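Descriptive structure summary
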Amino acid sequence: MASAIADVKTAAGLVIELQHSPITPVERRSRELFYKSMIWVVDGLRYKRDLQAFSDVVMYGSVLQDNPMYLRPTPRGAGILKRWAPQQCAVFLDFGNHEFIVAGAKVPEPVLWCLQLDVHGGLVIGAVTRQGFVDHFTTGAVLPRLTIERSMQGFSRYQLPPVRRYQRRGRW
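In this report, the structure presented in the accompanying data block is examined.

**Remarks on the side chain of Gln19**
Looking at the secondary structure, you find Gln19 in strand β2 (residues 15-19). Judged by relative accessible area, which is 9%, Gln19 ranks as buried. Of note is the side chain of Gln19, whose polar atom sits 3.2 Å from the side chain of Arg31. Residues contacting Gln19, with those up to four places away along its chain left out, are Arg31, Trp40, Val41, Val42, Asp43 and Trp84.

**Observations regarding the environment of Cys114**
With respect to the helices and strands, Cys114 occurs in strand β9 (residues 111-117). Along the backbone, Cys114 and Phe92 are 22 residues apart, and their C-alpha atoms lie at a distance of 4.4 Å. Among all residues touching Cys114, those that are not within four sequence positions of it are Val91, Phe92, Val124, Ile125, Gly126, Ala127 and Arg145.

**Focus on the nonpolar core**
With 31 residues, the main nonpolar core has Phe54, Leu81, Leu93, Val102 and Trp113 as its most contacted residues. With near-sequence residues (within four places) excluded, Leu93 lies in contact with Val42, Phe54, Ile80, Leu81, Trp84, Val111, Leu112, Trp113 and Leu115.

**Comments concerning helix α2 (residues 50-60)**
Among all positions in α2, only Asp50, Phe54, Ser55, Val57 and Val58 are buried. Seen from one end, α2 has its buried residues packed into an arc of 160°, which puts them on one side. The inward-facing, buried residues of α2 abut β5 (69-72), α3 (79-84), β6 (90-94), β7 (101-102), β9 and β10 (123-129).

**Points about the pattern of salt bridges**
Side-chain pairing between opposite charges can occur once the charged atoms of the two side chains come close. This model, assessed by the stated rule, comprises 7 salt bridges. Note that Arg72 is salt-bridged to Asp118, the shortest N-O span being 2.9 Å. Here Asp118 lies in the loop between β9 and β10 and Arg72 lies in strand β5, a separation of 46 residues in the sequence. For Arg72, a relative accessible area of 30% gives the class partly exposed. Overlapping salt bridges bring together Glu17, Glu27 and Arg31 as one network.

**Remarks on unusual backbone geometry**
Excluding glycine, residues mostly carry a negative phi; peptide bonds, for their part, are mostly trans. Of note, the bond from Asn67 into Pro68 is cis; its omega dihedral lies within 30 degrees of zero at -5°. By secondary structure assignment, the location of Pro68 is in the loop between β4 (62-66) and β5. Look at Lys36: it is not a glycine, yet its phi comes out positive at around 65°. You can see Lys36 is positioned in the loop between α1 (25-35) and β3 (38-43). Here Lys36 falls in the exposed class, since its relative accessible area comes to 66%. The residue Ala103 is not glycine, and still its phi comes out positive at about 50°. With respect to the element layout, Ala103 can be found in the loop between β7 and β8 (105-106). With a relative accessible area of 3%, Ala103 lands in the buried category.

**A short note on the pairing of β3**
Extensive coverage of β3 is indicated by the burial of 5 of its 6 residues. For the segment spanning β2, α1 and β3, crossover handedness is right-handed. With 5 bridges joining them, β3 and β6 adopt parallel strand pairing. Residue pairing for β6: Ile39 is matched across the bridge by Ala90.

Rules behind the numbers
- Residues numbered from 1 in each chain as written.
- Predicted model: local features only at pLDDT ≥ 70, side-chain atom pairs only at ≥ 80, totals over all residues.
- Heavy atoms only, no water.
- Helix = DSSP H or I, 4+ residues; strand = E, 2+ residues; numbered from the N terminus.
- Buried < 20%, exposed > 50% of the residue type's maximum accessible area, 1.4 Å probe, protein only.
- Polar contact = N/O pair within 3.5 Å; in protein donor to acceptor, adjacent residues only side chain to side chain.
- Contact = heavy atoms within 4.5 Å.
- Core = buried A, V, L, I, M, F, W, Y, C linked by side-chain atoms within 4.5 Å.
- Arc of directions from axis to C-beta.
- Salt bridge = Lys/Arg side-chain N within 4 Å of Asp/Glu carboxyl O.
- Right-handed = clockwise from strand over helix to strand, strands pointing away.
- Pairing = 2+ DSSP bridges.

What follows is the structure, encoded as structure tokens:
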């Protein structure tokens with residue numbers, strides 16, 4: 001990495017990289033090593049299949065915890081999770097104003113989805129409000145995590161939808 005200009009650098013020295021363009025794993029790793037203290041905010045709408053695939057991940061994933069909410073993604077996952085699974089630095093996915101459903105309930109406001117590794121190295125997904133994210137990195141306010149209430153639904157797991165089958169020459 002010959003020259004690097006951070007997208008955002010906070011007063012505390014944290015670099016926030018806003019990523020819309022495709023990036024190779026090698027370049028990503030290079031930036032993480034160069035900046036050391038950084039996070040990624042990734043445009044989740046960059047590829048047309050990512051929004052629906054990620055919506056399915058959070059809709060059908062296993063809820064590990066309600067307050068704050070953490071999900072284990074479905075085994076099928078989504079391409080964006082494979083491309084952006086955390087390595088050294090935290091990753092936040094931004095899907096604009098899309099309304100997500102988690103554990104049968106609509107997420108009440110736009111969020112950034114935080115990809116994290118658990119103590120065993122497995123991927124977990126949490127969410128923070130956009131405004132809470134901005135407040136946290138500009139004023140040092142506590143980073144508010146999304147919570148969910150499942151009392152009306154009464155269950156924490158959903159069955160995965162059936163695998164789509166495509167018709168081929170008149171036969172399934």
